[in-house]
Structures are given as C-alpha cells and as structure tokens.
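Reading the structure
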Amino acid sequence: MRGGNKLENTYIIDLKSITKEYDGTKVLDNISFYVRKNEFITLLGPSGCGKTTTLRIIGGFEQPTEGRVIFEGKDITNLPPYKRQINTVFQKYALFPHMNVFENIAFGLNIKKVPKDEIKKRVKEMLKLVNLDGYENRSIQSLSGGQQQRVAIARALVNEPKVLLLDEPLGALDLKLRKEMQTELKSMQQRVGITFIYVTHDQEEALTMSDTIVVMDKGVIQQIGTPVDIYNEPKNSFVAKFIGESNIVEGIMREDFIVEFAGRVFKCIDKGFQKNEEIEVVIRPEDIIITKPEEGQLKGIITSVIFKGVHYEMICNDGQFDWKIHSTSMKPVGTEVGMSVEPENIHVMKKAIKK
Amino acid sequence: MKMKIFSYPYMLWLVIFIVVPLLLVFLYAVTTTENGGLQFTVENLRRFLDPNYLDVLWVSIKLALQTTIITLILGYPIGMIIAREKPSKRNIMVLLFVIPMWMNFLLRTYAWLTLLGKNGIVNYIVTLLGFEPLDLLYNDGAVLLGMIYNFLPFMVLPIYSVIEKIDNSLIEAAEDLGANKFEVFTKVTLPLSIPGIMTGITMVFMPAVSTFVISRLLGGGQYMLIGNLIEQQFLWVGDWHFGSAISIIMMIFILIAMAITSKFDDQKEGSSGLW
C-alpha cells in the first residue's frame, strides 16, 4: 500500500487487522497500517469514521475486538495505557483543573519519581519549547484556548514518549490560531523527533502537516499515502470528494492510457484496467485550462462565477455536466469557452462498488 | 433591574421567618426576666460553662464527628461506585438511596427500635445461635447507628454528583501519563471531589450535632445531647433564656465547622458562599 522501505524494524507501530465492535456494530473493520519512526501520520476522515477509536486503541483506552497492536515489535494489545510509552494530547486538552501549569506538566514525571531538580529543569525546557516561558504558576482557568493547548502538548512531550497521539488538538481554536499552531506543531515534531499520530477531519490540516495520510470512512481505510499522492491520485470518489474539490465523472477505460468520458476520448497516464472497464475520472478544478471554444477538448458555457480571493470559481456546462473550474482569469457568465486537461491531470479511479 | 420586584415576597418571607426569630433567640439569650422586667445579662451564656453542660456539648460534638467520619468512609466508595455505573443502573441506585428519605424520619428511626429491641429481630437471631440477648438499645452505639443510617444519603449524594461530573478524559489523561488506578484516585479523583466531600460533611455534621429525636428514641430518656438539652429547656423546664443561649452557642459551633469546611472547598474553585 505504501512505497519505500518495508523493513519491519523501522516500524514503531504496526496495526494488524484491527476490528472493533460496540454492541454488535462494527466501528472499525480490518484496519491495518504501520507507522514509521519519526513520521507525522494523520488519520483523516469525517466524524464517525473510526479515526478516534483507532487512536484510542493505540493509546490503550480501548481494546480491539480482533487484531493486534504491535509496538516496536512487541504485542501491546492488552497493555494498560499507563504502561505504554505513548502519550496523548486530548481533544479538549483534559488538563487537571486543580493543578497549575507547572503541576500539570510535571504530572507524568512525578509519577515516575523523577528527582525534583530534574523535573524543574525539564518542565522549564518544555515551557520554552511551547512558548510559555514564565507561566509555571498560572492556573489552568486563566489560560486561553491556545495556551491550554500548548500546556497539553508540553504535558505529553515532557515524558519523552516514543509516540505522541493527538486527537483533533486544534479543533477548538479559531482559524488564525489554528494555522499558526499547525506550523508550530509540525516544526516541533521535527525538532523533538517524535512520531506523531494525528487525528483530524480537516483535510487542509492533514495536507499541510502530514508525511503520511490515512483516509478513513465508515471504519474502513480508504487510502494511505503521502499528501501529494492522496490529492493527486485519489483511489476512489470518497477520497477525491473528501480531499479538496473535484469534478468526478463516469467514464470507460478503452485501453491503457486511453479513457473516454464526456463523450470524448482523452489521453491519460493510467493503465492496468480491463478493456472497456467502467471507471470514474477525477479532475481537479484548477487543472482545467480555459481556452478559446474551438481549441478546447470540451466546449461549454459559463453559468456561474464566484470570486474566491486567490482565484475565481466558475461553473461551465458542456451540455451534460457542470464542470467546476478554478482560474485566476475570469470569464463572464454566458461566455462560450473551451476546456482542456493535460493527460497527467486526468485521474482514473476504480468505480465505487454501490452498496 | 425590573425583576427585582419579584424578590420582595421572598425578602418578606426571609425577614418574618428567619431574621426576626433569630433576633428573638439572640435577645432571649442575653436577657433575663428574673427580677421582673427585661434585663440584659451574660448569665445565661455563663451558665453553660458548668461541667455538666460542657460534657453534653462534648458528647454531641464527638458523636457528630464520629457520624461524619463514618458516613464519609462509607459514603465515599458508595458515591464513587454509583458514579462509575452506566447511567441506567446509576439512576436506580440513586433512587434506592433516596426512597427511604421519602418516609418519615421518625418512622425510620422507630423501625430501629423494633430491630434492636430486647425482643427484636437481631436479638432473636442472636438467641437462635445460642447466645445471651444483647443490650443493643439506649447506648452510644445505638444513637451513632441511628445517625449514620439517617444521614448517610446526605454524604453519598453530593459526593456522587461531584464524581459523576469529573470528565472521564481527566482520568484517561492521568492513566496516559503513567498513573495506575491508585495514583489516578489519589492525584485526580480525590482532589477533584473535595467540594462534594465538604458539602457532604456540612450536610451531615449540622443535623447530627443538633439532633434530639434520634438520641431520644435510640438513646433512651436519660440520653442527653445538646439538642435534647435545648428541647428540655424550652419544653419542660420553660427557661427560654437559657435554651436560647445554648442555641446560640450551638450555632456558633456550626458556623465554625462550616467556615473550616468551606476553607478547603474554596481552595481553587473561586468563592462559593459565605466565607
């Protein structure tokens, strides 16, 4: 499923056929993926897709109904959370309200009976890392959402876990702060060199931060890959729709590198399908080039234009399908235009099996 | 605030039924009519310093403290167990604790008379086993038992409701940071349930220190707690001045107890109430 080095000893976590049922309903169905050391991996999917459950199984808060969790080659499926070298940043931070910032961060070290001097030193370093120098004695209630977020990260990182689990940690922050924290988290991860397993439903967040994205829906893994792979080569229409905007049309694969859709034959770079297999084609709105009507592969009329800041979003109807186009040059409504797509921007996917 | 007008009836209620009676009690406590006419005096309060009376006070406080401690020891695990149950089971368990309180307080206490009496069920079993019947009634133990029985729900319910509100993710966070079940309890659950403990202590200690019904029924006619002393002064001796003085002294003790408990309670929660 993923390219690159497949030597098992570079895996820090390996999920093997995890299935989880609650009262007979399957929330996770045969989930298998591995996580490499120092990787930033994101579990991405809509709410209820099972991403948080997967994270909780790795953290030890839930037991899988079937399957095994392997951590550095050892089976930890039945190990309680406090015995795992894994720490979690919880969705709503879960900071202890009866302790101040210092006590919160020092919690894990106190449990491990680390000498007081060292605790002081390490907490101070952590506060520096998360830009909260001098906040030791502040109460949790007096902190803003973003600051609480940082304390939660510091509280987890100070224990020097091998893996850090983050459950939608930026969900409660406003857009601007969220963007800042995204870059900050990413650079923090690179600095401390810890494996991050990140859960989010925000595709943009996933694309920005991750080395690898695991797209999930209805308890099943839809695709695993790098952000570029996932964006450019979505495996099915769910992934295509969930990650970014896209035009998805039905078509027929005539032969390798030749696909037919929208009543025309196109060159493409996909192969390995059966002859005349029914497929779906994904074309990103920014990959459609507007040309003069007679020069395009397709012809249509602009039916709507929306200004989106960096680009215009235009809808172009070719008589049977509304194509979504992103372009920096605007064509007014009613204009007849041509549309063409480069072969490498035509993405052919297997047709989703209708349930 | 236009809504203020709606509070007037309550203000009136407070004044007529709380402020005025309190002032009257205070007035009675510091006056005497012995030589005809109303005179101010501290004699009523001083009379209480008699060792006999101080002994009654001591026994009352001791029993109330014992009751509070035992209900806390029994009540905390009960509250915690209920709070950890599934919601459906939880409601049934809370209901089971509340249902006895729908029954009259006196009746519930009378029930113990028949259980513990010379020919009661307990002694029946004891004699069946071949032992001499026990003197279970009319002693400290019987009074203590009656108090614990009556006041336990007042300890369980506030503790339960505080623990029930503790966010489960805090427990998980502690486990995640390496705390085992015992450490989770001592470092997270217990400190976060202090407000419930303090409410429970107040709600048990106050009625326990001033009860006179339980001690009368289960302790027998001679059994004297401060509540009985006050009752006696008002109803049998007819010395309202001394009775009021004792009431004031008891109130002072309760206020001190409340002040101590709310000191703990206030620690980080911001202010809650009087102190």
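See above for the structure.
The following refers to the structure shown. Note that the structure is a prediction, hence the values are computed from the model and not measured. (Residues numbered from 1 in each chain as written. Chains lettered and ligands numbered in written order. Predicted model: local features only at pLDDT ≥ 70, side-chain atom pairs only at ≥ 80, totals over all residues. Heavy atoms only, no water.)

1. Examining the overall build of chain A
Defined as follows: Under the scheme used here, helices are H or I runs from DSSP no shorter than 4 residues and strands are E runs no shorter than 2 residues, and both carry numbers assigned from the N terminus. Categorising residues by exposure relies on relative accessible area from a 1.4 Å probe, with only protein chains included: less than 20% of the type maximum marks a residue as buried, more than 50% marks it as exposed, and the intermediate range marks it as partly exposed. In what follows, residue pairs with any heavy atoms lying within 4.5 Å of each other are defined as contacts. Reported accessibility uses the Shrake-Rupley method at a 1.4 Å probe radius. Residues are deemed covered only where the shown protein chains occlude them.
Each helix and strand in chain A was counted, giving eight helices and 20 strands. If one aligns the C-alpha atoms of chain A with their principal axes, the spans along those axes are about 75 × 45 × 40 Å. Considering chain A as a whole, with its 355 residues, one finds that 52% of them fall into the buried category. Put simply, 65% of the contacts in chain A that link residues at least 6 apart link residues at least 24 apart. Of the accessible surface of chain A, which amounts to about 16,600 Å², a share of 51% is contributed by carbon and sulfur atoms.

2. Some details on the overall build of chain B
The helix and strand tally for chain B stands at 13 helices and two strands. Across its three principal directions, the C-alpha atoms of chain B cover 75 × 70 × 35 Å. Buried residues in chain B amount to 41% of all 275 residues. By sequence separation, contacts in chain B at least 24 residues apart represent 66% of the contacts at least 6 residues apart.

3. What about the side chain of Glu 231 of chain B?
When you line up the elements, Glu 231 of chain B lands in helix α12 (residues 226-237). Contact partners of Glu 231 of chain B, with chain neighbours within four places excluded, come to Phe 212, Arg 216 and Trp 236 of chain B.

4. Examining the pairing of strand β4 (residues 66-71) of chain A
All names here are of chain A. The cut-off we apply is this: Being paired, for any two strands, means DSSP has found at least two bridges between them.
As defined by bridge partners, strand β1 (residues 11-22) adjoins β4 across five bridges and the pair is classed as antiparallel. Counterpart to Asp 14 in the pairing with β4 is Ile 70. When β4 meets strand β5 (residues 74-75), the two strands line up antiparallel, connected through two bridges. When the sheet's bridge partners are listed, Phe 71 is paired in β5 with Lys 74. Hairpin connection of β4 to β5: two residues between the antiparallel strands, including Glu 72 at a positive phi of 50 degrees.

5. A short note on the packing of helix α3 (residues 51-84) of chain B against helix α4 (residues 87-102) of chain B
Residue and element names in this part refer to chain B. Here is the rule we go by: All axes are obtained by fitting lines to C-alpha atoms, using only the stretch in contact for helices, and the reported angles, taken between N-to-C directions, cover 0 to 180 degrees. The crossing is said to be left-handed when, going from far helix to near helix, the turn is anticlockwise and less than a right angle, and right-handed when the turn is clockwise. Each residue gets one of three labels, nonpolar for Ala, Val, Leu, Ile, Met, Phe, Trp, Tyr, Cys and Pro, charged for Asp, Glu, Lys and Arg, and polar for the others, Gly among them.
Two elements in contact, α3 and α4, have axes whose closest approach is 8 Å; the angle formed by their N-to-C orientations is 145 degrees. Two packed elements cross with a definite hand, and for α3 against α4 that hand is left-handed. Judged by residue contacts, Ile 78, Ile 81, Ile 82 and Ala 83 of α3 engage Arg 90, Met 93, Val 94 and Phe 97 from α4. Of the residues in the contact of α3 with α4, the class split is seven nonpolar, no polar and one charged.

6. Quick notes on the sheet that holds β5 of chain A
Sheet architecture is open: four strands sit in the order β2-β1-β4-β5 (chain A), paired in antiparallel fashion. A strand with exactly one partner marks an edge of an open sheet, and here the two such strands are β2 (25-36) and β5 of chain A.

7. What to know about the pattern of salt bridges
How we decide: The term salt bridge refers to a side-chain nitrogen of Lys or Arg lying within 4 Å of a carboxyl oxygen of Asp or Glu.
For the coordinates displayed, the defined rule picks out 28 salt bridges over all chains. Glu 72 of chain A is paired through a salt bridge with Lys 162 of chain A; the nearest N and O atoms lie 3.2 Å apart. You can see Glu 72 of chain A sitting in the loop between β4 and β5 and its partner Lys 162 of chain A sitting in the loop between α4 (145-157) and β7 (163-167), a full 90 residues away along the chain. A salt bridge links Arg 46 of chain B to Glu 43 of chain B, with the shortest nitrogen-to-oxygen separation between them at 3.2 Å. Pair noted here: Arg 46 of chain B and Glu 43 of chain B are both in helix α2 (residues 43-47), with a separation of three residues, about one helical turn. Three or more residues are tied together by salt bridges with common partners; here these are Lys 20, Arg 56 and Glu 62 of chain A together with Glu 172 of chain B.

8. Description of helix α3 (residues 116-129) of chain A
All names here are of chain A. For clarity, the threshold we go by: Given the number of residues in a helix, its expected span is that number minus one, multiplied by 1.5 Å. Relevant arc is that of directions from the helix axis to the C-beta atoms, nothing else.
Between its first and last C-alpha atoms α3 spans 20 Å; for 14 residues at 1.5 Å apiece the expected length is 20 Å, and the two agree. Ile 119, Arg 122, Val 123, Met 126, Leu 127 and Leu 129 are the residues of α3 that are buried. Each buried residue of α3 sits inside an arc of 155 degrees when the element is viewed along its axis, so together they form one side. Opposite its buried face, α3 presents the exposed residues Asp 117, Lys 120, Lys 121 and Lys 128, each directed more than 90 degrees away. In this structure, the buried residues of α3 make contact with α2 (101-111), α4 and α5 (175-192). Two residues or fewer after α3 comes Asn 131, characterised by a positive phi angle close to 60 degrees.

9. Some remarks on the packing of aromatic side chains
What counts here: Stacked, edge-to-face and tilted are the three classes for Phe, Tyr and Trp ring pairs, Trp counted by its six-membered ring, which pair at centre distances within 6.5 Å; planes under 30 degrees apart are stacked, over 60 edge-to-face, the rest tilted. Consider the ring centre and the ring normal. A charge sits over the ring if Lys NZ or Arg CZ is within 6 Å of that centre and within 35 degrees of that normal.
One pass over the full model with this rule turns up 18 aromatic pairs over all chains. Their ring planes at 55 degrees and their centres at 5.0 Å tell us that Tyr 53 of chain B and Phe 242 of chain B sit as a pair that is tilted. With a gap of 189 residues between them, Tyr 53 of chain B in helix α3 and Phe 242 of chain B in helix α13 (residues 240-269) connect regions that are remote in the sequence. Given a relative accessible area of 0%, Phe 242 of chain B falls into the buried group. For the ring pair Tyr 76 of chain B and Phe 185 of chain B, a centre distance of 5.8 Å and an interplane angle of 80 degrees mean the geometry is edge-to-face. One end of the pair, Tyr 76 of chain B, is in helix α3; the other, Phe 185 of chain B, is in helix α9 (residues 181-192), with 109 residues separating them in the sequence. The structure contains a cluster of three or more aromatic residues connected by ring pairs, namely Phe 261, Phe 266, Phe 321 and Trp 323 of chain A. Over the aromatic face of Phe 96 of chain A sits the side chain of Arg 155 of chain A, whose NZ or CZ is 4.8 Å from the ring centroid. The ring centre of Phe 266 of chain A lies 5.4 Å from the NZ or CZ of Arg 264 of chain A, which sits over that ring.

10. Structural notes on the nonpolar core
All names here are of chain B. What counts here: For the purposes of this section, nonpolar cores are sets of buried Ala, Val, Leu, Ile, Met, Phe, Trp, Tyr and Cys residues that join through side-chain atoms within 4.5 Å.
Within the largest apolar cluster, 48 residues are counted, with the highest numbers of intra-cluster contacts made by Phe 48, Leu 63, Met 147, Leu 218, Ile 226 and Ile 246. Elements with a contribution of two residues or more to this core: α3, α4, α5 (105-116), α7 (140-165), α10 (194-210), α11 (213-219), α12 and α13. The element contributing the most residues to this core is α7, with twelve residues. Beyond its immediate sequence surroundings of up to four residues, Met 147 is in contact with Leu 63, Thr 67, Leu 152, Ala 208, Thr 211, Ile 214 and Leu 225.

11. With respect to the interface of chain A and chain B
Rules: The quantity reported as buried area is the accessible area (1.4 Å probe) lost by two parts once they are put together, taken as the sum for both. Polar contact is defined as a pair of N or O atoms within 3.5 Å, subject to the rule that within protein one atom must be able to donate a hydrogen and the other to accept it, and that residues adjacent in sequence are counted only when both atoms are side-chain atoms.
Tallying the contact residues gives 21 residues for chain A and 17 residues for chain B. In total, about 1,800 Å² of surface goes out of reach between chain A and chain B, with carbon and sulfur atoms giving 64% of it. Where chain A packs against chain B, one counts one salt bridge. Among the ionic pairs, Glu 172 of chain B bridges to Arg 56 of chain A, the shortest N-O distance being 2.6 Å. The interface formed by chain A and chain B contains five residue pairs in polar contact (both at pLDDT 80 or more). Every element with two or more residues in the side of chain A that touches chain B is listed here: β6 (86-89) and α2 of chain A. The element contributing the most residues to the side of chain A that touches chain B is α2 of chain A, with four residues.

12. Brief notes about helix α8 (residues 168-176) of chain B
Residue and element names in this part refer to chain B. With eight of its nine residues buried, α8 lies for the most part within the structure. Among all positions in α8, only Ser 169, Leu 170, Ile 171, Glu 172, Ala 173, Ala 174, Glu 175 and Asp 176 are buried. A side-chain oxygen of the first residue of α8 lies 3.1 Å from the backbone nitrogen of Ser 169; this N-cap is Asp 167. Positive backbone phi, at 105 degrees, marks Gly 178, one or two positions downstream of α8.

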